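Below, each chain spelled out in residue letters.
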Amino acid sequence: MTARVYCAVLLCLFGCLSTTDAAPGENFTVADYSPGEVAVLGSRRRCASDRDCFGGYRCSGAVCVPPAFTKPGVCQRRQYEAKMCALIRFVSCADDSDCANDEKCCSNGCGRQCMPPVTEKPGVCPRRQYEVAMCALIRFMSCADDSDCANNEKCCSNGCGRQCMAPYTAKPGVCPRRQYEAAMCPRIRFRPCADDSECPKSEKCCSNGCGRQCMPPVKEKPGVCPRRQHEAAMCPWIRFKPCADDSDCTKNEKCCSNGCGRQCMPPVTVVNPQKMLIDACGERRLARVVRSSRRATVGQTAQEVNAGSDRKVSEYTVHHSLLHMELHSCRPVRVPMLTPVHG
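Residues numbered from 1 in each chain as written. Predicted model: local features only at pLDDT ≥ 70, side-chain atom pairs only at ≥ 80, totals over all residues. Heavy atoms only, no water.

Draft legend 1. Here's a closer look at the overall build of the protein chain. Along its length, the protein chain carries four helices and twelve strands. Looking at the protein chain as a whole, 27% of its 343 residues are labelled buried. Put simply, 47% of the contacts in the protein chain that link residues at least 6 apart link residues at least 24 apart. By element, 56% of the accessible surface of the protein chain is carried by carbon and sulfur atoms, the whole surface being about 23,600 Å². (Helix = DSSP H or I, 4+ residues; strand = E, 2+ residues; numbered from the N terminus. Buried < 20%, exposed > 50% of the residue type's maximum accessible area, 1.4 Å probe, protein only. Contact = heavy atoms within 4.5 Å. Areas by Shrake-Rupley, 256 points an atom, 1.4 Å probe, with all protein chains shown as cover.)

Draft legend 2. Broad picture of a positive patch on the surface. Side chains of Arg284, Arg288, Arg291 and Arg294 sit close together on the surface and give a patch of like positive charge. Positionally, Arg288 belongs in helix α2 (residues 280-292). With a relative accessible area of 48%, Arg288 lands in the partly exposed category. (Patch = residues over 30% accessible without salt bridge, like charges linked within 9 Å, V, L, I, M, F, W, Y side chains within 5 Å. Salt bridge = Lys/Arg side-chain N within 4 Å of Asp/Glu carboxyl O. Lys, Arg positive; Asp, Glu negative; His and termini not counted. Charge placed at Lys NZ, Arg CZ, Asp CG, Glu CD.)

Draft legend 3. View of the side chain of Gln76. By the secondary structure assignment, Gln76 is in the loop between β4 (63-65) and β5 (104-107). A polar atom in the side chain of Gln76 sits 2.9 Å from the backbone oxygen of Pro116. With residues up to four places along the chain from it excluded, the contact list for Gln76 reads Cys106, Met115, Pro116, Val118 and Asp145. (Polar contact = N/O pair within 3.5 Å; in protein donor to acceptor, adjacent residues only side chain to side chain.)

Draft legend 4. Broad picture of α2. End to end, α2 covers 19 Å across 13 residues, agreeing with the expected 18 Å (1.5 Å per residue, within 8%). For α2, the full list of buried residues reads Gly282, Leu286, Ala287, Val289 and Val290. Seen end-on, α2 carries its buried residues on one side only, within an arc spanning 165 degrees. Residues Cys281, Arg284, Arg291 and Ser292 are exposed on α2 and point more than 90 degrees away from its buried face. As for α2, its buried residues are in contact with α3 (298-306) and α4 (315-324). (Expected span 1.5 Å × (residues − 1). Arc of directions from axis to C-beta.)

Draft legend 5. The pairing of strand β7 (residues 154-157), seen in detail. Pairing between β7 and strand β8 (residues 162-165): four bridges, direction antiparallel. Across the sheet, Cys155 pairs through a bridge with Cys164, a residue of β8. What sits between β7 and β8 in their antiparallel hairpin is a turn of four residues, with Gly159 showing a positive phi close to 95 degrees. (Pairing = 2+ DSSP bridges.)

Here is the structure:
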């Protein structure tokens, strides 16, 4: 009885597969059957439209095929001319799923065929473009995509078509901030540029307010701008000589914002707090000096610390070191210090 039930289950399973899973193809086989796993190998089913296909399949070339999907990559730009289409013979495709390996279904100008995808080269195309009036006089070798270009060149638009060009590389440095006023532009004459590659040496292609021209980059001076700012209400009464960047300032001055504009100011030197303190050996010597003369001022203490030492420290450093060691007084630095415990 058990054997008959087992056979009936197998027949039922075979029958269910034959009525439900045969939709994608006319024939099928049950391969490598094991409990819990059945592999169904479908074949190609003839069709007239997508309605004749099941399981998400679609009708392509009178045959049910798997659903369409898009492969990674970019299609080539090269196209046949319209007059060539009558002479061209190629195998048509509907989408990427019709193409072998990594090929994509791309337009060739006469239809769609399988083509290898284009690998885009790194870099950015230059900005330079020919004027439309010049196109009739310009002669260049056209390209369709980066694969047509040698070495690291890219296939870029030149305003009249596409040609191989060296990729654009920005030069180091910062463009000056100075700009011409709009009213001055009709009277300004300069040689325009599209990007840094058109500028000699270390010059950069920068905006001047009327267009783009080659300028030497600005070298930022060391230091930090002061934080002081004029209040907005004070700006109408403030008079100062404006600047655009550090190159407009003399010596070590920097072009900094004052709240009303930008003017040249001496930079602020940021001091590392750790540099205001003496080292561990100096702290022990400082502690001995303080214990020996508790009524000494900071200046006198600094003299005692520096006596007989090759490394000199300032009163400022001694003062900060005393605060760090908690050997401080509430009195000014020019008066005798008090002991750590005082009333």
